[in-house]
Amino acid sequence: MKLIIAVIKPFKLDEVRDALSALGVQGMTVSEVKGFGRQKGQTEIYRGAEYTTNMVPKVKIEIAAADELAPRVVETIQQSAHTGAIGDGKIFVLDLGQAVRIRTGETNDTAL
């Protein structure tokens with residue numbers, strides 16, 4: 001099993017979710033986060049005054065997937081979150097040691 005963590009632009013969330021649902025992904029966790037990378041923040045105008053923020057709003061998606069499905073999940077996220085502009089985000093893939101469904105006690109692939 002793999003844990004796939006993607007940090008993407010917020011306006012791409014619906015497109016990514018729809019593409020993953022079509023792929024057969026049955027669940028994900030979504031968090032609103034802030035951070036920076038090569039962008040180093042952004043300049044915004046609020047009530048006529050320009051100010052710089054050093055943290056950019058992003059969305060973090062976490063998906064537990066079977067080993068066979070994980071490469072397709074990564075590819076789907078990459079294609080559907082891509083804009084070509086700086087700050088499109090990152091995808092991380094980690095090995096997942098164990099998963100347990102609390103309601104039934106099912107473990108690992110059957111718990112997904």
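The rules we used
- Residues numbered from 1 in each chain as written.
- Predicted model: local features only at pLDDT ≥ 70, side-chain atom pairs only at ≥ 80, totals over all residues.
- Heavy atoms only, no water.
- Core = buried A, V, L, I, M, F, W, Y, C linked by side-chain atoms within 4.5 Å.
- Buried < 20%, exposed > 50% of the residue type's maximum accessible area, 1.4 Å probe, protein only.
- Helix = DSSP H or I, 4+ residues; strand = E, 2+ residues; numbered from the N terminus.
- Contact = heavy atoms within 4.5 Å.
- Pairing = 2+ DSSP bridges.
- Axes fitted to C-alpha atoms, helices over the stretch in contact; angles between N-to-C directions.
- Arc of directions from axis to C-beta.

Draft legend 1. Quick look at the nonpolar core. Within the largest apolar cluster, 16 residues are counted, with the highest numbers of intra-cluster contacts made by Ile-8, Val-16, Leu-20, Ile-61, Ile-63, Val-73 and Ile-77. Put simply, the parts of the chain that give this core at least two residues each are strand S1 (2–8), helix H1 (13–23), strand S5 (56–65) and helix H2 (70–81). Those residues within four positions of Ile-61 in sequence are excluded, and the remaining contacts are Ile-4, Ile-5, Ala-6, Ile-8, Leu-13, Val-16, Met-28, Thr-29 and Val-30.

Draft legend 2. Inspection of the sheet that holds S1 at higher detail. The four strands are arranged S2-S5-S1-S6 in an open sheet whose pairing can be described as antiparallel. Of all strands in the sheet, those bounded by a partner on one side alone are strand S2 (29–35) and strand S6 (89–95). On average, each strand axis in the sheet is inclined to that of its neighbour by 20°, with strand direction left out of account. Sheet topology note: the S1/S5 ladder contains seven bridges and is antiparallel. The residue bridging Val-7 from the neighbouring strand is Lys-60, located in S5.

Draft legend 3. Representation of H1 in the model. When we look at burial in H1, the residues that qualify are Leu-13, Val-16 and Leu-20. Relative to the axis of H1, the buried residues are bounded by an arc of 70° and lie together on one face. On the buried face of H1, the contacting elements are S1, S2, S5 and H2. One or two positions beyond H1, positive phi appears at Gly-24, with a value near 110°.

Draft legend 4. Spotlight on the environment of Ala-81. Inspection of the secondary structure assignment puts Ala-81 in helix H2. A relative accessible area of 7% means that Ala-81 is categorised as buried. For the pair Ala-81 and Pro-10, spaced 71 residues apart in the sequence, the C-alpha separation amounts to 9.5 Å. When near neighbours in sequence (up to four residues on either side) are disregarded, Ala-81 contacts Ile-8, Lys-12, Val-16 and Asp-88.

Interpretation in functional terms is not warranted from these geometric data alone.
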